[in-house]
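Here's the letter readout for the chains.
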Amino acid sequence: TNVHGALITMPHKVRTLELVDEASASARIAGACNAVRIDERGRLTGDMFDGEGFVRGLLKKGRPVFGATVLVVGCGGVGSAISASLAKAGASRLGLYDRSVPAMEALAGRLRTHYPKLALHTGDSDPAGYDIVVNATPLGMRNDDPLPLDVERISPSTFVGEVVLKMEMTPFLAAV
């Protein structure tokens, strides 16, 4: 009776989504769950906060998300969570790119289900014309990784976000 919820980390986030009675749109879009609570009826409800942290970081840096155009490169777990939170925060257009076309199209399908008015574009990693560009790929974990997209096409006014936690200044950020 003294447990009201739990925070979940890898490698259990995906499996946890299958165990909850109800899940938020963010968790369903991400295909994973990192927070579980017991509601007033005793049901397990799940949510995903990974993307929320990214969006809050944008807002703390003074970059509005509502109405913004955003490119997310990488449609795996973290890219899916970030995309869900960007849609929830009111991004007007979301570009998705992943070398894995099935992963990219699956994420686009989940986003369309929960945010039917969101303008979605898939299959193009060209960052030109976006307000925000996010590298949600593992590229940048090593110094010799190729850049995730053509940095020459990024406007000076574009906010560039990175999810690689291994180093503060990744080769991608240094190139921008």
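Note that the structure is predicted; figures quoted are calculated from it, not measured.

Enquirer: Would you take a moment to explain the overall build of the protein chain for this structure?
Expert: Assigned secondary structure in the protein chain consists of six helices and nine strands. Taken against the 2.2 N^0.38 rule, which gives 16 Å for 176 residues, the C-alpha radius of gyration of the protein chain at 16 Å falls within 12% of a compact globule. Taking the principal axes of its C-alpha atoms as reference, the protein chain extends roughly 55 × 35 × 35 Å. Among the 176 residues that make up the protein chain, the fraction classed as buried is 43%. Accessible area of the protein chain: about 9,500 Å², with a carbon and sulfur share of 55%. Counting 19 positive and 19 negative side-chain charges, the protein chain places the averaged centre of each group 4 Å from the other.

Enquirer: Got a minute to help me understand the environment of leucine 44 in this structure?
Expert: Tracing the backbone through its elements, the reader meets leucine 44 in strand β4 (residues 44-47). With 21 residues separating them in the primary sequence, leucine 44 and alanine 23 have C-alpha atoms 8.5 Å apart. In this structure leucine 44 touches Leu19, Val20, Asp21, Glu22, Val36, Arg37 and Ile38, once residues within four positions along its chain are discounted.

Enquirer: I would appreciate a short explanation of the sheet that holds strand β2 (residues 22-23) in the present structure.
Expert: Across a sheet, paired strands are connected by hydrogen bonds in the backbone, their directions being either parallel or antiparallel. Pairing is mixed in the open sheet, where four strands are placed in the order β1-β3-β4-β2. This sheet does not close on itself; its edge strands, each paired only once, are β1 (5-7) and β2.

Enquirer: Mind showing me how you'd approach helix α3 (residues 50-60) here?
Expert: Residues spaced three or four apart along an α-helix point in a common direction, a consequence of the helix completing one turn every 3.6 residues. Buried residues of α3: Gly51, Glu52, Phe54, Val55 and Leu58, and no others. Buried residues along α3 cover an arc of 160° about the axis, so they all sit on one side. Of the exposed residues in α3, the ones pointing more than 90 degrees away from its buried face are Arg56 and Lys60. For α3, the secondary structure elements touched by its buried residues are α2 (25-30), α4 (77-88), β8 (132-135) and β9 (159-162). Two residues or fewer past α3, glycine 62 is found with a positive phi of approximately 85°.

Enquirer: In this structure, what is going on with the nonpolar core? I would like to understand it.
Expert: Note on soluble globular proteins: their nonpolar side chains tend to be buried together. Among the nonpolar cores identified, the biggest contains 26 residues, and Val70, Val72, Leu86, Leu94, Leu96, Leu111 and Val134 are the most heavily contacted of them. Counting residues per element, the ones that place at least two in this core are α3, β5 (69-73), α4, β6 (93-97), α5 (101-114) and β8. Of all hydrophobic cores here, the second largest spans eleven residues; its members include Leu17, Ala27, Cys33 and Met48.

Enquirer: When you look at the packing of α4 against α5 in this model, what are you seeing that I'm missing?
Expert: The packing of two helices is summarised by the inter-axis angle and the distance between the axes. The contact between α4 and α5 brings their axes to 11 Å, and the two run at 25°. By the angle class used here, α4 and α5 are roughly parallel. The interaxial crossing formed by α4 with α5 has right-handed handedness. Here Gly79, Ser80, Ser83, Ala84 and Ala87 of α4 come into contact with α5, specifically with Leu107, Arg110 and Leu111.

Enquirer: So what exactly am I meant to see when it comes to the pairing of β5 here?
Expert: A regular strand carries its side chains on alternate faces of the sheet. With five of five residues buried, β5 is to be regarded as a mostly interior element. Residues Thr69, Leu71 and Val73 of β5 are buried on one face, and the alternating residues Val70 and Val72, pointing to the opposite face, are buried as well. Two strands pair when backbone bridges link them, and β5 and β6 are joined in this way by five bridges, in the parallel orientation. Paired with valine 70 across the strands is leucine 94, a residue of β6. Each parallel crossover has a hand, and the one from β5 via α4 to β6 is right-handed. Bridge count between β5 and β8: four bridges; the pairing is parallel. Paired with valine 73 across the two strands is asparagine 135, which belongs to β8.

Quick notes on the rules
- Residues numbered from 1 in each chain as written.
- Predicted model: local features only at pLDDT ≥ 70, side-chain atom pairs only at ≥ 80, totals over all residues.
- Heavy atoms only, no water.
- Helix = DSSP H or I, 4+ residues; strand = E, 2+ residues; numbered from the N terminus.
- Rg over C-alpha atoms; globule rule 2.2 N^0.38 Å.
- Buried < 20%, exposed > 50% of the residue type's maximum accessible area, 1.4 Å probe, protein only.
- Areas by Shrake-Rupley, 256 points an atom, 1.4 Å probe, with all protein chains shown as cover.
- Lys, Arg positive; Asp, Glu negative; His and termini not counted.
- Charge placed at Lys NZ, Arg CZ, Asp CG, Glu CD.
- Contact = heavy atoms within 4.5 Å.
- Pairing = 2+ DSSP bridges.
- Arc of directions from axis to C-beta.
- Core = buried A, V, L, I, M, F, W, Y, C linked by side-chain atoms within 4.5 Å.
- Axes fitted to C-alpha atoms, helices over the stretch in contact; angles between N-to-C directions.
- Parallel < 35°, antiparallel > 145°, perpendicular 65-115°, else oblique.
- Left-handed = near helix turned anticlockwise from the far one by under 90°.
- Right-handed = clockwise from strand over helix to strand, strands pointing away.

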